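Structure assessment
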Amino acid sequence: MSFLRENPVTGSADFSGKVEGVAENVVDLSGIRFSWTGAPPFVIDVKSMRVARGERVFLRGPSGSGKSTLLSLMAGVIPIREGSLRVLGREIGVLGGTERDRFRADHIGFIFQMFNLIPYLSVEENVSLPCGFSWTRRANAVRAGGSVEREAMRLLERLDMGAADVQRRPVTELSVGQQQRVAAARALIGAPELVIADEPTSSLDADRRSAFIDLLFGECEREHATLIFVSHDATLAPLFDREIDFVEINRAGAAEH
Amino acid sequence: MIPALAVKSLRNRKFTAVLTLLSIALAVVLLLGVERIRSEARAGFASTISGTDLIVGARSSPVHLLLYSVFRIGNATNNVRWDSYTALASRPEVEWTIPLSLGDSHRGFRVLGTTPDYFEHFRFARGRKLEVAVGKQFEDVHDAVLGAEVADTLGYKLGQSIVIAHGAGDVSFALHKDHPFRVVGILARTGTPVDRTVHVTLEGLDAVHAEQNGIDASDPLAAALRASEDSSTANANGHSADASVQPESKRVLTALLIGLKSRGAALSVQRFVNEYPGEPLTAILPGPTLEEVWDIVGAAEKTLLAVSALVVVVGLAGMLVALLTSLSERRREMAILRSVGARPMHIFGLILGEAAFLTLAGIAVGLAILYIGLPEGNAG
């Protein structure tokens, strides 16, 4: 923590590729305020939030409370207007649009709630997609599996999606559970340091839900990835290392509840 | 990465992609097809007459003179006397002359009375000479040479006997039945009004018109003329090879084409004709007058071009609509691509790349249809 404070924001300019050993906190957020118009009322007003390396954090909050917006800020999809947000030791707020896109491509794997896959790509092509946008992840995938295709296959096998007939099917004909596992493989390929899952299990039934979470945990552990798992379903909380109640930390949301 | 995605995305939406592509292709076919027909029409128009330096007719507007003498549209308001013709033909600047006598028809086709000079000197399409496809040029007074279209339409062969009628109409009651002409030649196709013309000798026409005067018995003047000319007409009937069935001095022409020894003399000869003391005449330079006529005809064809340009606009607008409709369907896809690190430029490139591909492929298909489906020359 102190190590990070000693480095000025601009000191992270030499930051590149992997960040292991550099930052203790994968996410270090302070004084973030955000509204779509740039003026009050704010959707997000979070004083502080930290996620340590290797942690599996459960971020709980009701739908519409601004969780997804917070994730978009972390991933650099939306620019930060107020406050400080360090991801992997790097201040996201000072990055330009292109740099944020490259940072996301290199370091963050994303899993959405539903419709995670590009309908016109095959299962394997969907998994390999991040390697088309990031040299870092392509290099990591090649190092781990020999080639991007083999690494994609390996991840699919680990997520019980190894059967050839399943892989040959158009992605739109896969069950929701299968689609989510393909999305998980895509989020994990090329070993990104941070995996963000936005309600990935809300369209799965209870049995499949815990099976999916077990698989996700196993793979995050293997790839040494930090996991931020967002859900409104409090029953999942005990599975995680730590739970953050978004309603508690978000002062903007508190006013409404 | 992005081009590969664009191709796969298009393959996924084959049906709309193919429809869009075809609409662009058809728009291109229409635009270029019209443009080609236009340029061919213009070239064909300009090639109607070539090598002629001056066209002379009775005093009238230049456009009118060109239309009736070259395009066989409309009729002359007045004739040119034979002595005016000989006066002009004997000018030192004049290399050749072609006398033209119009005013008769055969089953809707114009009959042109002329001399063998016509086949010798008339040129079209950058100096091409008339060619006789079958048979020969006329030698005898009652010989006729048909344009290609006349022969095709009426199914005439060599040796066919034809009767010409007075006036240009399709149906005429004044048939010159006693003086049939015999088809001795059929010209090769030219793509000009020559194809739709029946060519006969001036002498043959003289004979016909002498007879015309003869049968018009209700007209006392004609009867009187007939009486005075009886002897020469009888003579002609007995000796059909004799050229002068009617005194040449009484012969009238509709127009004449003049070739000069030097083009530089055109303006001075034109002035001579326009100020000719014997009778009021007009001489025109074919080139500028053709341009003038084209300006009139060209308005319609410009409209056609504008319409096909609009079709292209509609084709592209259709593609734009398809594109914008797909944008809302593809918001999810864009969010996924953004999440794996695609920049806004990538997304823009993907959408634009697909549109560019459809447009280029549409143009390519359109060109293929145009050049394989409508070979050169078919359009004209």
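The structure under discussion appears in the preceding block.
Along each chain, the written sequence defines residue order, and numbers are assigned to residues from 1. Chains carry letters and ligands carry numbers; both start at the beginning, A for chains and 1 for ligands, and go up in the order they are written. The predicted origin of the model limits local features to residues at a pLDDT of at least 70 and limits the giving and counting of side-chain atom pairs to 80 or more, whereas totals for whole chains, interfaces and linings rest on all residues.

**A few points about the overall build of chain A**
- Along its length, chain A carries 11 helices and 9 strands.
- With C-beta atoms placed from the backbone, a residue counts as buried when 20 or more other C-beta atoms lie within 10 Å of its own, as exposed when 12 or fewer do, and as partly exposed for counts between those limits. Every one of the 257 residues in chain A was classed for burial, and the buried ones make up 44%.
- Contacts in chain A between residues far apart in sequence, at least 24 positions, make up 75% of those at least 6 positions apart. Strands are runs of DSSP state E lasting at least 2 residues, helices are runs of H or I lasting at least 4, and numbering of each runs from the N terminus. We call two residues in contact when their backbone-placed C-beta atoms lie within 7 Å.

**Points about the pairing of strand 6 (residues 108–111) of chain A**
Residue and element names in this part refer to chain A.
- The side-chain alternation of strand 6 yields two buried faces, one formed by Ile-108 and Phe-110 and the other by Gly-109 and Ile-111.
- One requirement defines pairing of two strands: DSSP has to find at least two bridges between them. Summarising the sheet, strand 6 and strand 7 (residues 194–198) pair through 4 bridges and their orientation is parallel. Residue pairing for strand 7: Ile-111 is matched across the bridge by Ala-197.

**A look at the sheet that holds strand 3 (residues 56–60) of chain A**
Residue and element names in this part refer to chain A.
- Taken in spatial order, the 5 strands of this open sheet run 6-7-8-3-9, and their pairing is parallel. Across the chains shown, the open sheet's two edge strands, defined by having one partner strand only, are strand 6 and strand 9 (242–245). Across this sheet, the average inter-strand angle for adjacent strands is 20 degrees, counted without regard to direction.
- Of the pairings in the sheet, the one linking strand 3 to strand 8 (residues 226–231) comprises 5 bridges and is parallel in character. Residue Arg-60 lies in a different strand from strand 8, and its bridge partner there is Ser-231.
- The sheet contacts of helix 2 (residues 67–74) involve strand 3, strand 7 and strand 8, and relative to strand 7 the element is tilted by about 155 degrees.
- Helix axes are fitted to C-alpha atoms over the stretch in contact, other axes to C-alpha atoms as well, and angles between N-to-C directions run from 0 to 180 degrees. Seen against the sheet, helix 8 (residues 176–188) touches strand 6 and strand 7 and runs at an angle of roughly 170 degrees to strand 6.

**Thoughts on the sheet that holds strand 1 (residues 25–34) of chain A**
Residue and element names in this part refer to chain A.
- Strands sit in the order 2-1-4-5 across an open sheet of 4 strands; the sheet is antiparallel. Whereas interior strands pair on both sides, the edge strands pair on one side only; in this sheet they are strand 2 (44–52) and strand 5 (90–91).
- Where strand 4 (residues 82–87) and strand 5 come together, 2 bridges link them in antiparallel fashion. Among the inter-strand pairings, Arg-86 is bridged to a residue of strand 5, identified as Glu-91.
- Contacting strand 1, strand 2 and strand 4, helix 2 runs over the sheet at an angle of about 120 degrees to strand 1.

**Observations regarding unusual backbone geometry**
All names here are of chain B.
- Of note, the phi angle at Arg-107 is positive, near 45 degrees, even though the residue is not glycine.
- Arg-107 sits in the partly exposed class, given 16 other C-beta atoms within 10 Å.
- Residues other than glycine seldom take positive phi values, yet Ala-125 does so here, at roughly 40 degrees.
- Of note, Ala-125 is situated in the loop between strand 5 (123–124) and strand 6 (128–129).
- Given 15 C-beta atoms within a 10 Å radius, Ala-125 is considered partly exposed.

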